[in-house]
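As a plain string of letters, each chain reads:
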Amino acid sequence: MLRDYQLVALRAIWANLDRHVVASLPTGSGKSHVIAELCRKALQEYPGTRILVVAHVKELLQQNTEKILLHWPEAPVGIYCAGLRSRQLNSITVASIQSIYRQLAKLDPYDLILVDEAHRIPHGESGMYHALLRRQPEAKVVGLTATPYRLGGGLIHKGEDALFDALACEVKTADLVAQGFLAPIRSRRGSEEADLDGVHTRGGEFVPDEMAAAFDEDNLTKAVVADILKHAAGRNSIMVFCCSVAHCHHVAEALCRAGEPSIGVITGETPSVDRAEIIASFKARRCRILVNCDVLTTGFDAPNIDCIVLLRATKSPGLYVQIIGRGLRKAEGKEDCLLLDYGGNVVRHGPIDSVTAERVEK
């Protein structure tokens, strides 16, 4: 049931369960299938094993639960997530880190903890994930992510304060594109770019307010929108990444003035009901352009995306890969995904299939 590269990842993880390990698989490659099979294998070979699968958004919890039951319909699985109105603990518990964190003092010991989007675990000892793992000192810990590196470079399994001891495997984006499992990304540098000369760096990343000021400029927005509509004329599902809430609305207004009839905007201020409705419309291809800021970079699965617009800049290879990864999934009628870059990101990081753990470490 697993593809060859998923089997390779599963075997590499299983062979390294004597330590905390991370496995890297690209967005769209089916990490949830590896998680599902790992759960099945652990419980069938070692009955009584207690497994905790943790993620930070409910969409990932739903995906992981669905795949566990697909691989093993009788799986003893429960969901523990306030956002999904479920507080079920079982031999396999799929939980949001936020909800399980509130119950740390009451949790029984787990044998195996699987962390989806493991790059979100900060280095050091602070945060909900570290608090959970301190309460579970005997558990084997496995992280899965498309980006096994942190902001400013460096790998999440390297350094004195790294939680993970080793990278068990890294499945390469280029290989899966060549094998036909992922859609190729075709990048194009924008005819206009923001002037970042006066934007400072803090903590390895562009200062958000300064970057937003550089991008959220009327003449630049007007020129960029014209460029987007020209080069993405044949694209059906366009996802735009902006710098701020205000920038999102300004870009959406400019698109509307330019004659684009179907635009959705999602920010951290969007009510959950409206957000779900906009996402459903986008996935159903009723909404052609989805404009967002910092909310749909991970855990968002829309295979129909055939154009990504970067109206922001980042120095983080992880954020860069996570954003572009939204376009890697294949869909009917989709030959590739067009990347329109207005922040010099491709020049800064290289094509997505060249951003590997080995390269980031250098």
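Residues numbered from 1 in each chain as written. Predicted model: local features only at pLDDT ≥ 70, side-chain atom pairs only at ≥ 80, totals over all residues. Heavy atoms only, no water.

On to helix α2 (residues 31-45), then. The periodicity of an α-helix, 3.6 residues per turn, causes residues three or four places apart in sequence to face the same way. For α2, built from 15 residues, the straight-helix expectation of 21 Å at 1.5 Å per residue is met to within 8% by its first-to-last C-alpha distance of 21 Å. The buried fraction of α2 amounts to 11 of the 15 residues, a majority that puts the element mostly inside the structure. Regarding α2, the residues found buried are K31, S32, H33, V34, I35, A36, E37, L38, C39, A42 and L43. Looking at the buried residues of α2, the elements they touch are α1 (4-15), β2 (51-55), α3 (58-71), β5 (92-96), β6 (112-116) and β7 (140-145). (Helix = DSSP H or I, 4+ residues; strand = E, 2+ residues; numbered from the N terminus. Expected span 1.5 Å × (residues − 1). Buried < 20%, exposed > 50% of the residue type's maximum accessible area, 1.4 Å probe, protein only. Contact = heavy atoms within 4.5 Å.)

In contact at an axis separation of 10 Å, α1 and α2 are set at 45° when each is read in the N-to-C sense. When the axis of α1 is compared with that of α2, the two are oblique. Our pair here, α1 against α2, has a crossing hand that is right-handed. Residue-level contacts link Q6, L10, I13 and W14 of α1 to H33, V34, E37, L38, K41, A42 and E45 of α2. When the residues that make up the contact of α1 with α2 are grouped by side-chain class, the tally is six nonpolar, two polar and three charged. (Axes fitted to C-alpha atoms, helices over the stretch in contact; angles between N-to-C directions. Parallel < 35°, antiparallel > 145°, perpendicular 65-115°, else oblique. Left-handed = near helix turned anticlockwise from the far one by under 90°. Nonpolar A, V, L, I, M, F, W, Y, C, P; charged D, E, K, R; others polar.)

Taken as a whole, the second largest pocket holds about 520 Å³ of empty space. In this structure, the second largest pocket is lined by 28 residues; those nearest its centre are G28, G30, S32, D301 and R329. Counting only elements with at least two residues in the lining of the second largest pocket, the list comes to α2 and α3. Here the lining of the second largest pocket is built from residues that sort into seven nonpolar, 11 polar and 10 charged. (1 Å grid on protein atoms, 1.4 Å probe; cavity = no way out; pocket = protein on both sides within 12 Å on 5 of 7 lines; lining within 4 Å. Points joined across faces, edges and corners; volume = space filled by probe spheres on them.)

The next subject is unusual backbone geometry. The backbone of E117 shows a phi angle near 55°, a positive value even though the residue is not glycine. If you trace the backbone, E117 turns up in the loop between β6 and α5 (128-135). Take E117: its relative accessible area is 4%, and that puts it in the buried class.

Spatial ordering of the open sheet is given by β9-β16-β15-β12-β14-β13, a layout of six strands whose pairing is parallel. Looking at the sheet topology across the chains shown, the edges are occupied by β9 (185-189) and β13 (263-266). Recorded for the sheet is a direction-independent mean angle of 20° between the axes of neighbouring strands. With four bridges joining them, strand β15 (residues 307-310) and strand β16 (residues 337-341) adopt parallel strand pairing. (Pairing = 2+ DSSP bridges.)

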